[in-house]
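Listed here are the chains, written in short residue letters.
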Amino acid sequence: MKIIKNCNSEQYLSSIYIGRTDKVKPFAWTYYPKNAIHFENEKEAEATITFIGAVMDWELEQELEIEDTAE
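Residues numbered from 1 in each chain as written. Predicted model: local features only at pLDDT ≥ 70, side-chain atom pairs only at ≥ 80, totals over all residues. Heavy atoms only, no water.

**Observations regarding the side chain of threonine 48**
Move 1: Note that threonine 48 resides in helix H1 (residues 42–56).
Move 2: Once residues within four sequence positions are removed from consideration, threonine 48 is found in contact with Ile4, Ile16 and Phe39. (Helix = DSSP H or I, 4+ residues; strand = E, 2+ residues; numbered from the N terminus. Contact = heavy atoms within 4.5 Å.)

**Quick notes on the environment of tryptophan 58**
Move 1: Inspection of the secondary structure puts tryptophan 58 in helix H2 (residues 58–61).
Move 2: Apart from the residues lying within four places of it in its own chain, the contact partners of tryptophan 58 are Ile52 and Gly53.

**Considering the pairing of strand S2 (residues 11–16)**
Move 1: Of the pairings in the sheet, the one linking strand S1 (residues 2–6) to S2 comprises two bridges and is antiparallel in character. Note on S2: the bridge partner recorded for lysine 5 is tyrosine 12.
Move 2: In sequence, S1 turns back onto S2 through a hairpin of four residues, with glutamate 10 there showing a positive phi of about 65°.
Move 3: Sheet topology note: the S2/strand S3 (residues 27–30) ladder contains four bridges and is antiparallel. Note that in S3 the partner of serine 15 across the bridge is alanine 28. (Pairing = 2+ DSSP bridges.)

**Some thoughts on the packing of aromatic side chains**
Move 1: Across all of its chains, the model carries one aromatic pair by this definition.
Move 2: Consider the rings of phenylalanine 27 and tryptophan 29, whose centres lie 6.3 Å apart with planes at 45°: the pair is tilted.
Move 3: Given a relative accessible area of 12%, phenylalanine 27 falls into the buried group.
Move 4: By relative accessible area, which is 27% here, tryptophan 29 ends up partly exposed. (Phe/Tyr/Trp six-rings, centres within 6.5 Å; stacked < 30°, edge-to-face > 60°. Buried < 20%, exposed > 50% of the residue type's maximum accessible area, 1.4 Å probe, protein only.)

Take a look at the structure:
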């Protein structure tokens with residue numbers, strides 16, 4: 001399993017809010033890997049980072065990296 005980490009804040013991506021939502025910020029973060037979004041493989045995690053950069057926040061894309069989980 002893979003998770004996405006913000007290398008600047010040391011937090012893990014836990015939610016992405018897309019579409020009609022009351023959320024002010026489109027991303028939620030956690031310090032706990034078990035609460036992060038888990039991806040089946042690196043390709044899925046890379047696609048998510050690419051989507052974030054292309055559609056939502058290109059600067060944030062530069063701060064994200066993929067990590068392996070212990071699961």
